[in-house]
Amino acid sequence: MILADIAEYVTDKISSNDVSLNNYVTTDSLLQNKRGRECAQNLPPMPCALMHFQPKDILIANIRPYLKKIWFADIEGGCSSDVLVFRAKEGHFPNFLYATLMQDAFYDYVMKGVKGSKMPRGDKEQIMRYKMPTFSSDEEQNIGKIVVDIEKKLQLSRAINDNLPMLGHSSEGAKGRHAA
């Protein structure tokens, strides 16, 4: 089985006038090393058509695939053309697709087919030939659920860790007030 058997590229369009910074995704707003995304910094300067993604679609930056920028969408929105949007085909599970595309083996495969050296891009046709592991429907569902649950816990843990320095400063301030 190959990726094209269980997923397709999303080609639906949405106007840039219908997105905000919160639901616009670019290669810059996708975070390296599979850490999801952050709010976009800019909207397109001119009205244009964007790829229209839905919750449970998987977005991957197609420029410099070695940066491993991937996000499992939890909202609807639009993204730039340098972001690939994958949607699980009927009978397959988005969580399992995400779990598979998060694997380093997938990025290693994509890098074998890149075009360009300064700003390498994945070859969209080659990507869809990626060999997928074959599991029963129940196994796909269970694997996907486990991986997504773990990923959510990792994101929460990262958010807590990212906020620890601020917590330290606020407790320092509180100590100073109590000492006075």
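The structure we're discussing is the one just above.
Residues numbered from 1 in each chain as written. Predicted model: local features only at pLDDT ≥ 70, side-chain atom pairs only at ≥ 80, totals over all residues. Heavy atoms only, no water.

Asks: If you had to explain unusual backbone geometry to someone new, which residues and values would you point to?
Replies: Unlike most non-glycine residues, lysine 34 shows phi in positive territory, near 65 degrees. Residue lysine 34 is classed as buried on the basis of its relative accessible area of 16%. The backbone phi angle of arginine 64 is positive, close to 50 degrees, even though this residue is not glycine. Of note, arginine 64 is situated in the loop between strand 5 (58-61) and strand 6 (70-72). (Buried < 20%, exposed > 50% of the residue type's maximum accessible area, 1.4 Å probe, protein only. Helix = DSSP H or I, 4+ residues; strand = E, 2+ residues; numbered from the N terminus.)

Asks: Which residues make up the layout of surface pockets, and what values do they have?
Replies: One number sums up the size of the largest pocket: a volume of about 470 Å³. Lining of the largest pocket is provided by 20 residues; of these, Trp71, Phe72, Asp74, Lys152 and Gln155 occupy positions nearest its centre. Sorting the residues of the lining of the largest pocket by element identifies strand 6, helix 2 (94-101) and helix 5 (137-179) as the ones contributing at least two each. The element contributing the most residues to the lining of the largest pocket is helix 5, with nine residues. (1 Å grid on protein atoms, 1.4 Å probe; cavity = no way out; pocket = protein on both sides within 12 Å on 5 of 7 lines; lining within 4 Å. Points joined across faces, edges and corners; volume = space filled by probe spheres on them.)

Asks: Can you break down empty space enclosed by the protein residue by residue, with the values?
Replies: With the rule as written, the count across this model stands at one cavity of 30 Å³ or more. Looking at the largest cavity, the residues that line it are Ile60, Ala61, Asn62, Pro65, Leu84, Phe86, Phe106, Tyr107, Val110 and Ile127. For the lining of the largest cavity, the secondary structure elements donating two or more residues are strand 5, strand 8 (83-88) and helix 3 (104-112). When the residues that make up the lining of the largest cavity are grouped by side-chain class, the tally is nine nonpolar, one polar and no charged. (Nonpolar A, V, L, I, M, F, W, Y, C, P; charged D, E, K, R; others polar.)

Asks: Which residues make up a nonpolar patch on the surface, and what are the values?
Replies: Taken together, Ile146, Ile150 and Leu154 make up a surface patch of nonpolar side chains, about 270 Å² in accessible area. Looking at the secondary structure, you find isoleucine 150 in helix 5. The class of isoleucine 150 is partly exposed, set by a relative accessible area of 46%. (Patch = residues over 30% accessible without salt bridge, like charges linked within 9 Å, V, L, I, M, F, W, Y side chains within 5 Å. Areas by Shrake-Rupley, 256 points an atom, 1.4 Å probe, with all protein chains shown as cover. Salt bridge = Lys/Arg side-chain N within 4 Å of Asp/Glu carboxyl O.)

Asks: Pulling in residues and values, what's your account of the sheet that holds strand 2 (residues 13-15)?
Replies: Spatial ordering of the open sheet is given by 2-4-7-3, a layout of four strands whose pairing is mixed. Edge positions in the open sheet fall to strand 2 and strand 3 (24-25), since each of these has one partner strand only. In terms of strand pairing, strand 3 meets strand 7 (residues 77-79) through two bridges, oriented parallel. When the bridges of strand 7 are listed, tyrosine 24 appears paired with glycine 78. (Pairing = 2+ DSSP bridges.)

Asks: Explain the pairing of strand 4 (residues 49-53) to me, using residue names and the numbers behind them.
Replies: Of all five residues in strand 4, four are buried, a share of seventy percent or more. Bridge analysis of strand 2 against strand 4 gives three bridges, and the strand direction is antiparallel. What sits directly across from isoleucine 14, in strand 4, is leucine 50. For strand 4 and strand 7, the ladder comprises three bridges, and the chain directions are antiparallel. Its bridge partner being in strand 7, methionine 51 is matched across the sheet by cysteine 79.

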